[in-house]
Amino acid sequence: MLEGHFELSSGMHSDRYFQCALLLEEPRRAEALAQALAERLRAKNLQFDVVIGPALGAVTWAYEMARALGARGLFAERQNDAMCIRRGFVVKPTDRVLVVEDVITTGGSAREVIQVLRAQSVNPLAIGGIVNRSGGNPFEKDGLPLFALADVEVKQWKKEDCPLCKAGGKAVKPGSRAANAPAPSTSTTGGGRT
Ligand code: ZN
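Structure report, in brief. (Residues numbered from 1 in each chain as written. Predicted model: local features only at pLDDT ≥ 70, side-chain atom pairs only at ≥ 80, totals over all residues. Heavy atoms only, no water.)

### Quick notes on the coordination of the zinc ion
Turning to step 1, where the next piece is worked out: Protein-derived coordination of the zinc ion comes from His5 (NE2), His13 (ND1), Cys162 (SG) and Cys165 (SG), at a distance range of 2.0 to 2.4 Å.
Turning to step 2, where the next piece is worked out: Taken together, the four donor atoms coordinating the zinc ion span angles of 97 to 120° at the metal, a pattern that classifies the geometry as tetrahedral.
Turning to step 3, where the next piece is worked out: All donor residues of the zinc ion come from one chain, and their arrangement in sequence is H-x7-H-x148-C-x2-C. Of this pair, histidine 13 sits in strand β2 (residues 13–17) while cysteine 162 sits in the loop between β9 (156–157) and α5 (163–166), and the two are 149 residues apart along the sequence. (Donors = N, O, S within 2.8 Å, 3.2 Å for Na, K, Ca; no water. Tetrahedral: all angles 85-135°; square planar, octahedral: opposite > 155°, others 65-115°. Helix = DSSP H or I, 4+ residues; strand = E, 2+ residues; numbered from the N terminus.)

### As for helix α4 (residues 108–119)
Turning to step 1, where the next piece is worked out: Under the 1.5 Å per step criterion, the end-to-end length of α4 is 17 Å for 12 residues, consistent within 8% with the ideal 16 Å.
Turning to step 2, where the next piece is worked out: Of all the positions in α4, only Ala110, Arg111, Val113, Ile114, Val116 and Leu117 are classed as buried.
Turning to step 3, where the next piece is worked out: Tucked into the core, α4 has its buried residues touching β3 (50–54), β4 (72–79), β5 (82–84), β6 (97–104) and β7 (126–132).
Turning to step 4, where the next piece is worked out: Taken from the residues just after α4, serine 121 is the one with a positive phi, measuring 60°. (Expected span 1.5 Å × (residues − 1). Buried < 20%, exposed > 50% of the residue type's maximum accessible area, 1.4 Å probe, protein only. Contact = heavy atoms within 4.5 Å.)

### Digging into the side chain of glutamate 101
Turning to step 1, where the next piece is worked out: Mapping glutamate 101 onto the fold places it in strand β6.
Turning to step 2, where the next piece is worked out: As a buried residue without a salt bridge, glutamate 101 has its nearest oppositely charged side chain in arginine 78, at a separation of 7.5 Å. (Lys, Arg positive; Asp, Glu negative; His and termini not counted. Salt bridge = Lys/Arg side-chain N within 4 Å of Asp/Glu carboxyl O.)

In structure tokens form, the structure reads like this:
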């Protein structure tokens, strides 16, 4: 959990940000977290053949959850803005599927994965997250239970209502979108234009 002044991918501002890439960079820690969530799923008698999450945020998490559950680990990705399952990954209607996401704010990306699966007659059984900052279960309307390791309610504001902006601060975008992106390079080492 980072503290500061952040612009979330939803456009909202917040003083907290969950950067799960940093949490998962240590494989042993990622494995322990996945084991803990798998334990809770097994306690509900839920078993899975496939774990799938939206790239990029959930790729590592899906893989670790698959390891913990003894399932296959897949990811969905965007192509021309549309979520899809590529790379020869196949999910069958008979597969018991867990959809995962690292941080659940609105559940938007995971919901797109659910829709892709349902379009292929695959009905996932549950959602698995690391951090749920939604304050509820955004997948209730999809008829799916949500299991998360941590439920953390975090303040967030519209930009115009943000007290940090009003105090003269400037929000940073720490997420996967454009975070730490290098400035457009003017390197001449390559020689030609691209
Ligand atoms: Zn702000």
